Amino acid sequence: MRSFLYFSTLLGTVAAAGCPYMSGQLRARGEDLGKRQSAASIEGTTISTQDFLAPFELNDTNVYMTTDSGTPIDDAVSLKAGIRGPTLLEDFIFRQKLQRFDHERIPERVVHARGAGAYGVFESYGNFSNITAASFLSEAGKQTPMFTRMSTVIGERGSTDSARDVHGLATRFYTDEGNFDIVGINVPIFFINDAILFPDLIHALKPQPNDQIPQAATAHDTAYDFFSQETSALNLVMMVMAGYGIPRSYRHMDGWGVHTYRLVTNEGATKFVKWSWKSLQGKASFLWEEAQAVGGKNSDFHRQDIWNAIEAGIYPQWELGVQIFDEDQQLAFGFDVLDDTKFIPEEVVPVTPLGVMTLNANPQNYFAETEQIGFQPGHVVRGIDFSDDPVLQGRLYSYLDTQLNRYGGPNFEQAPINRPRVPIHNNNRDGKAQAYIPTNIAAYSPNTLNFGSPMEANQTTGNGFFTAPRYVSGELTRELSPTFADHWSQPRLVWNSLSPAEQQIAVNALRFETSHIVSTTIKQNFINQLNLIDNGLALRVAQVLVDVTVPPPDTTYYNDNTTAYISIFSNPLPTIQGLNFGILASIYSNQSMSQAATLSQQFRDLGLFVSVVAETLVPGVNVTYSAADAIDFDGLLVTPGSESIFINGTSPLYPLGRPIQIVQNAYDYGKPVGALGSASTVFQAANILEGPGVYLSNSTTTLLADFEAGLKTFKFLERFPLDPGY
Ligand code: HEM
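This structure is a prediction, so every number in the text was calculated from the model and none was measured. (Residues numbered from 1 in each chain as written. Predicted model: local features only at pLDDT ≥ 70, side-chain atom pairs only at ≥ 80, totals over all residues. Heavy atoms only, no water.)

**Topic: the overall build of the protein**
Phase 1: Within the protein, the secondary structure is distributed over 18 helices and 16 strands.
Phase 2: In summary, the protein has a C-alpha radius of gyration of 28 Å against a globular reference of 27 Å for 726 residues, a match within 12%.
Phase 3: Principal-axis analysis of the C-alpha atoms places the extent of the protein at approximately 90 × 80 × 60 Å.
Phase 4: Residues classed as buried in the protein amount to 56% of the 726 residues present.
Phase 5: In the form shown here, the protein has an accessible surface area of approximately 31,000 Å², with 55% of it arising from carbon and sulfur atoms. (Helix = DSSP H or I, 4+ residues; strand = E, 2+ residues; numbered from the N terminus. Rg over C-alpha atoms; globule rule 2.2 N^0.38 Å. Buried < 20%, exposed > 50% of the residue type's maximum accessible area, 1.4 Å probe, protein only. Areas by Shrake-Rupley, 256 points an atom, 1.4 Å probe, with all protein chains shown as cover.)

What follows is the structure, encoded as structure tokens:
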């Protein structure tokens, strides 16, 4: 059964902030969220998720099997002519069962095929009617049901979660004036700035067409051929390499609408905006060695992480915000705001917080809910409008078109996950699998037979969507605006904004990627592009590609600009709630097991998911050494009394050396690691010296405090060498 209880502890400490764009009364962020019992208390006319979905739910408990047409049946054995004879065509039970199975698959999404989703609720911080007529932002505390799907882009439906890739964060608001989708990603920019290039981009990034290798990876010739020719992609490539491509979890990434949209008031006044979702869990990323291990050991890592967190009541939250600016500022920031390969640094236009999304219920059926949801940038409501961004314009066509293909007909908006929570009235009719029974015989407008209904709603009548005035003129042309032409100044800004350790992460990532390129020409072309961003970057990447030459520095686009937003690893996490913690023990030591029991409770009290690891699953142990791996934990602690299994200990109960390997790998993945009392000898055996994020102490209190701080730091990058001179 779904739980739609609201959860407020993560928000409890977030302070309210004044907002120049908000009219009406401010509500403290998250205030009262925990007091509501369920989404059924949502104000306005929107029905709650629970009530809305209930009539569609099938409960198979304590009932007889039936056909699709409702006849009770026995479908365990087929009908045959004689006990050993052939199955009969007459057997409608057999035919229906096989036929339904044969048709279970629909095409996976052409991109973003791999993902996970969850239900939630959005709560507005205030009345923002002075910037938008959107009803879900019309009053402090107003709640709107949501569904959110997170994804990777390139991998197929069965690919690994931890692939290095851009990640989708697609959000649907079931508002009381219809569905509104922000179909965003975890970086503020896109690869290309003309939608006509999207098929080229995806063809280049997907597995190569001859051998279908590599799956869910850009480390191959066609991808870098494209990046070095369509250089608008460089900005995004830099961010993906700097850690954005391998988030620790869906919960630890931000989201961006990327394009410039317009907010429109009831009176038709407009502002340009960029949408953003800030994770209240903070931003955190894997290291690449770790992401690869995750991919091999648990390809469901991200979907499991968010599922477990929601089941445990640790509801992830994101704050919705907008960067707001006037339409006459289109070219005021040194680039064109219609070019979606550029972001506006938050120092230039700060993010105005609008409300908070809390994901609080898992789906009950992956296919019916997560697979069938059809997000569209074109799902907008009154108060929200588009800009002339050429990629946004292309997306307005593509999503509807692809969904017609995925569902095989136009009535997919009638699936429960896609239906708006408000009644629909229009003259669209028929098509495959029509689920409604339209009773109006006058399926046209204007009509008199139905007294002109459904009537046209617009700005002044019926509270309808309306397109705000926007002046457009120009000669037909197949050209890109010259204001889109600078592809290098912002990647340089990204590079400048990374800490030295993060620059090394980006260099190492690019070394990994480019060493998979076979063509020397492509390698050379890509190094030439890096040189336009930074000569040192080009030199460092080229160091491992001996067949390329780094040109002399080309300073045309070099600049010293920085922005604080880009760095992932420099900012401690605001909370450690819902991180994973391992306590390594041995069932052959009473001291170890009793310490493990005490410690696991103390670490659970910090809000962590704690697993005690030992040889077998005796009471008090959650996972065996044969199943556990360093990837399972964001930090770990070794208990005293267990030392012998780490030092010279072999056992048929786990692979050779596994216990010490877990400690060594955790250290190598930059995680906080520690030992209580005599267990510090394990660290000597593992050749791990005391240093940042290594906690050896006789005091549990000290260790708890150390780990609380260490898990917030999340990664101890000082463990890893920098290229000499950097
Ligand atoms: C020319 C540009 C683009 C085109 C033609 C395009 C096309 C598509 C298509 C066909 C899908 C599959 C949709 C479905 O099957 O339901 C998709 C999914 C998606 N796209 Fe795009 N896309 C473009 C750019 C972008 C950009 C700029 C973003 C982010 C701002 C983005 C974010 C997403 C996300 C998050 C999904 C997955 C939605 C889900 O979870 O169902 N796309 N895109």
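Next comes the rest of the write-up.
**Some thoughts on the site of the ligand**
Phase 1: R109, R149, Y399, Q403 and R406 are the nearest of the 24 residues found near the ligand.
Phase 2: A distance of 2.7 Å separates an oxygen atom of the ligand from a polar side-chain atom of R109.
Phase 3: R149 is positioned with one of its side-chain polar atoms (N or O) 2.6 Å from an oxygen atom of the ligand.
Phase 4: If you list the elements that add at least two residues to the shell around the ligand, you get β3 (167-175), β4 (178-185) and α9 (390-407).
Phase 5: For the shell around the ligand, the element with the most residues is α9, which contributes seven residues. (Near = heavy atom within 4 Å. Polar contact = N/O pair within 3.5 Å; in protein donor to acceptor, adjacent residues only side chain to side chain.)

**Considering the coordination of the iron atom of the ligand**
Phase 1: Among protein residues, the single donor to the iron atom of the ligand is Y399 (OH), with a metal-donor distance of 1.8 Å.
Phase 2: Considering the arrangement of structural elements, one finds Y399 in helix α9. (Donors = N, O, S within 2.8 Å, 3.2 Å for Na, K, Ca; no water.)

**Things to note about the UniProt feature "domain: Catalase core" (unreviewed entry) in the protein**
Phase 1: In this numbering, the UniProt entry assigns the feature "domain: Catalase core" (unreviewed entry) to residues 66-453.
Phase 2: As annotated, residues 66-453 comprises 22% helix and 20% strand, and the C-alpha atoms at either end are separated by 41 Å. (UniProt positions renumbered as here; feature names shortened; annotations may be inferred.)

**What about the packing of helix α11 (residues 500-515) against helix α13 (residues 535-542)?**
Phase 1: Interhelical geometry of α11 versus α13 gives an angle of 50° and a closest axis separation of 9 Å. Viewed along their axes, α11 and α13 adopt a mutual orientation that is oblique. As α11 packs across α13, the resulting crossing turns out to be right-handed. On α13, the residues touching Q503, Q504, V507, L510, R511 and T514 of α11 are L537, R540 and V541.
Phase 2: When the residues that make up the contact of α11 with α13 are grouped by side-chain class, the tally is four nonpolar, three polar and two charged. (Axes fitted to C-alpha atoms, helices over the stretch in contact; angles between N-to-C directions. Parallel < 35°, antiparallel > 145°, perpendicular 65-115°, else oblique. Left-handed = near helix turned anticlockwise from the far one by under 90°. Contact = heavy atoms within 4.5 Å. Nonpolar A, V, L, I, M, F, W, Y, C, P; charged D, E, K, R; others polar.)

**With respect to α11**
Phase 1: Helix length check: α11, at 16 residues, gives a terminal C-alpha distance of 22 Å against a target of 22 Å (1.5 Å per residue), a fit within 8%.
Phase 2: Inspection of α11 places A501, E502, Q503, Q504, A506, V507, A509, L510, R511, E513 and T514 among the buried residues, and these make up the whole buried set.
Phase 3: Its buried side turned inward, α11 meets α4 (221-229), α5 (234-244), α10 (489-496), α12 (520-533) and α13. (Expected span 1.5 Å × (residues − 1).)

**Regarding the sheet that holds strand β16 (residues 694-697)**
Phase 1: Read from one edge to the other, the open sheet built from six strands follows the order β13-β12-β11-β14-β15-β16, with strand pairing classed as parallel. This sheet does not close on itself; its edge strands, each paired only once, are β13 (623-624) and β16.
Phase 2: As paired elements, strand β14 (residues 635-638) and strand β15 (residues 673-676) share three bridges and run parallel to each other. Note that in β15 the partner of L637 across the bridge is G674.
Phase 3: Contacts from helix α16 (residues 658-668) reach β11 (580-584), β14, β15 and β16 within the one sheet, and its direction differs from that of β14 by about 140°. (Pairing = 2+ DSSP bridges.)

**Regarding the side chain of K283**
Phase 1: Within the secondary structure, K283 is located in the loop between β7 (270-279) and α6 (288-297).
Phase 2: It is D254 that comes nearest to the buried, bridge-free K283 among opposite-charge side chains, at 4.1 Å.
Phase 3: A distance of 3.0 Å separates the side chain of K283 from the side chain of Y244, its partner in a polar contact.
Phase 4: Within the structure, the side chain of K283 is placed 3.0 Å from the backbone oxygen of Y565, a separation counted as a polar contact.
Phase 5: When residues no more than four places from it in sequence are discounted, the contact partners of K283 are Y244, H252, D254, Y565, I566, S567, I568 and L573. (Lys, Arg positive; Asp, Glu negative; His and termini not counted. Salt bridge = Lys/Arg side-chain N within 4 Å of Asp/Glu carboxyl O.)

**Some points on the side chain of N531**
Phase 1: Mapped onto the secondary structure, N531 falls in helix α12.
Phase 2: Judged by its relative accessible area of 2%, N531 is buried.
Phase 3: Reaching out from N531, the side chain makes a polar contact with the backbone oxygen of P552 at a distance of 2.9 Å.

**Some remarks on the pattern of salt bridges**
Oppositely charged side chains are able to pair whenever their charged atoms sit close together.
Phase 1: All told, the structure shown has 26 salt bridges when counted by the stated rule.
Phase 2: Between E290 and K715 there is a salt bridge, and its shortest N-O distance comes to 2.8 Å. Taken as a pair, E290 in helix α6 and K715 in the segment after α18 (700-713) lie far apart in primary sequence, 425 residues in all.
Phase 3: Notably, a salt bridge pairs D547 with K523, separated by 3.2 Å at the nearest N-O pair. Linking D547 in the loop between α13 and β11 with K523 in helix α12, this pair joins segments that are 24 residues apart in sequence.
Phase 4: Relative accessible area serves as the criterion here: at 33%, D547 is assigned to the partly exposed category.
Phase 5: By relative accessible area, K523 is classed as buried at 10%.
Phase 6: One network of salt bridges, in which partners are shared, links R248, R251, D305 and D634.

**Here we look at the nonpolar core**
Phase 1: Counting residues in each nonpolar core, the largest one holds 61 residues, and the members touching the most others are F191, Y224, F227, L510, L530 and L537.
Phase 2: Per element, the largest residue contribution to this core is nine residues, and it comes from α5.
Phase 3: If you count residues domain by domain, this core takes at least three from each of domain 1 (5-51 + 107-193 + 233-414) and domain 2 (488-557).
Phase 4: Those residues within four positions of L537 in sequence are excluded, and the remaining contacts are M238, W495, V507, L510 and L530. (Core = buried A, V, L, I, M, F, W, Y, C linked by side-chain atoms within 4.5 Å. Domains from an automatic or database assignment.)

**A look at the UniProt feature "binding site: heme" (unreviewed entry) in the protein**
Phase 1: In the numbering adopted here, UniProt assigns the feature "binding site: heme" (unreviewed entry) to Y399.
Phase 2: A relative accessible area of 22% means that Y399 is categorised as partly exposed.
Phase 3: Ignoring sequence-local partners within four residues, the contact set of Y399 consists of V183, F375, Q376 and P377.

**Comments concerning the environment of F190**
Phase 1: Its location among the elements puts F190 in the loop between β4 and α3 (198-205).
Phase 2: Here F190 falls in the buried class, since its relative accessible area comes to 15%.
Phase 3: Sequence separation between F190 and A242 is 52 residues, and the spatial gap between their C-alpha atoms is 15 Å.
Phase 4: Discounting residues that sit within four places of it in the chain, F190 has contacts with I185, F198, L201, S232, L236, V258, D340, T341 and V391.

**So, the packing of aromatic side chains**
Phase 1: For the structure on display, the rule yields 29 aromatic pairs.
Phase 2: Ring centres of W288 and F512 lie 5.1 Å apart, and the angle between their planes is 75°; this geometry places the pair in the edge-to-face category. On the criterion of sequence distance, the pair formed by W288 in helix α6 and F512 in helix α11 is long-range, its members being 224 residues apart.
Phase 3: Taking relative accessible area as the criterion, F512 reaches 25% and is therefore assigned partly exposed.
Phase 4: The interplanar angle of 75° and the centroid separation of 5.8 Å between the aromatic rings of F603 and F707 together place this pair among those described as edge-to-face. Taken as a pair, F603 in helix α14 (residues 590-604) and F707 in helix α18 lie far apart in primary sequence, 104 residues in all. The same class applies to F603 as to F707, namely buried.
Phase 5: One aromatic cluster is present, formed by F122, F136, F173, F180, W275 and W277 through successive ring pairs.
Phase 6: Its guanidinium or amino end placed over the ring of W288, R164 lies 3.8 Å from that ring's centre, counting from NZ or CZ. (Phe/Tyr/Trp six-rings, centres within 6.5 Å; stacked < 30°, edge-to-face > 60°. Lys NZ or Arg CZ within 6 Å of the ring centre and 35° of its normal.)

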